[in-house]
Amino acid sequence: MAGEPQADCLFCKIVAGEVPATIVRETETTVAFRDINPQAPTHVLIIPKVHYPDAASLAAAEPQIIADIMRESREVAAEEKMEDRGYRVVFNTGSGAGQTVFHAHLHVLGGRGLQWPPG
C-alpha cells in the first residue's frame, strides 16, 4: 500500500534503523544522509519516512512532504556551507532518469562546480 514501509526497500530499512547510514538531519517526516557513492564533495540524499516509489507519486499523494524535503535541502545546504557557493537539488523519477532505488529521494549536490546540462 502506498505510504507504507516496504520490506524489500533499502531506504525504508534506513528509516527503520535496520540499515546503517551516515545521517546528517532528521525531522518528523524526513531523513537526510550521505550518499555511499558521492558524485560531488557534498552528496546528501533526503528521503521521506513514508514510502512512495518516486517523487511524482509522492507529490500527488502527499504534497506537504515534498515541501518538507525541499525545506530540508536548504537546511542541508546551510549546514554544509553551500548556500553562498551554490548547490543542486535533483529528483530522478524512473529508471530512464537514473533512479535506482524506488523510494522517492532528493539528491543535494555541491562543493564543486556543477556544469549544465548535467550527465
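- By the naming in an unreviewed UniProt entry, the chain is Histidine triad nucleotide-binding protein, taken from Streptomyces tubercidicus.

What about the overall build of the chain?
(1) Moving on: Of regular secondary structure, the chain possesses three helices and five strands.
(2) Moving on: Reading the helices (α) and strands (β) of the chain from amino to carboxyl end gives α-β-β-β-α-α-β-β.
(3) Moving on: Relative to the globule expectation of 14 Å for 119 residues, the C-alpha radius of gyration of the chain, 14 Å, shows essentially globular dimensions.
(4) Moving on: In terms of its C-alpha atoms, the chain occupies a principal-axis envelope of roughly 40 × 30 × 25 Å.
(5) Moving on: Residue pairs in contact within the chain that sit at least 24 positions apart in sequence constitute 51% of those at least 6 positions apart.
(6) Moving on: Accessible surface, the chain: about 6700 Å² in total, of which carbon and sulfur atoms supply 53%.
(7) Moving on: Here the chain carries 10 positive and 15 negative side-chain charges, and the mean point of each set is 8 Å from the other.

A word on the sheet that holds strand β1 (residues 23-26)
(1) Moving on: Across the sheet, which stays open at both edges, the five strands sit in the order β1-β2-β3-β5-β4 with antiparallel pairing between neighbours. The open sheet has two free edges, formed respectively by β1 and β4 (87-90), since each of these has just one partner strand. Across the sheet, the axes of successive neighbouring strands diverge by a mean angle of 20°, strand direction being ignored.
(2) Moving on: In this sheet, strand β3 (residues 42-48) lies alongside strand β2 (residues 30-34) in antiparallel orientation, the contact comprising five bridges. Along β3, the bridge assignment pairs Ala 32 with Ile 46.
(3) Moving on: Together, β1, β2, β3, β4 and β5 (106-110) form the strand contacts of helix α3 (residues 63-79), whose direction differs from that of β3 by roughly 155°.

Re the environment of Asp 54
(1) Moving on: Examined against the element boundaries, Asp 54 turns out to sit in the loop between β3 and α2 (55-61).
(2) Moving on: Look at Asp 54 and you get buried, because its relative accessible area is 18%.
(3) Moving on: Sequence-distant contacts of Asp 54, that is, excluding residues within four places in its chain, are made with Thr 93, Gln 99 and Ala 104.

A few points about the UniProt feature "active site" (unreviewed entry) in the chain
(1) Moving on: Per the UniProt record, "active site" (unreviewed entry) is annotated on His 105.
(2) Moving on: Non-local contacts of His 105, meaning those with residues more than four positions away in its chain, are made with Phe 11, Leu 45, Ile 46, Ile 47, Val 90, Phe 91 and Gln 99.
(3) Moving on: Within polar-contact distance, the side chain of His 105 engages the backbone oxygen of His 103 at 2.7 Å.

Scoring rules and cut-offs
- Residues numbered from 1 in each chain as written.
- Predicted model: local features only at pLDDT ≥ 70, side-chain atom pairs only at ≥ 80, totals over all residues.
- Heavy atoms only, no water.
- Helix = DSSP H or I, 4+ residues; strand = E, 2+ residues; numbered from the N terminus.
- Rg over C-alpha atoms; globule rule 2.2 N^0.38 Å.
- Contact = heavy atoms within 4.5 Å.
- Areas by Shrake-Rupley, 256 points an atom, 1.4 Å probe, with all protein chains shown as cover.
- Lys, Arg positive; Asp, Glu negative; His and termini not counted.
- Charge placed at Lys NZ, Arg CZ, Asp CG, Glu CD.
- Pairing = 2+ DSSP bridges.
- Axes fitted to C-alpha atoms, helices over the stretch in contact; angles between N-to-C directions.
- Buried < 20%, exposed > 50% of the residue type's maximum accessible area, 1.4 Å probe, protein only.
- UniProt positions renumbered as here; feature names shortened; annotations may be inferred.
- Polar contact = N/O pair within 3.5 Å; in protein donor to acceptor, adjacent residues only side chain to side chain.

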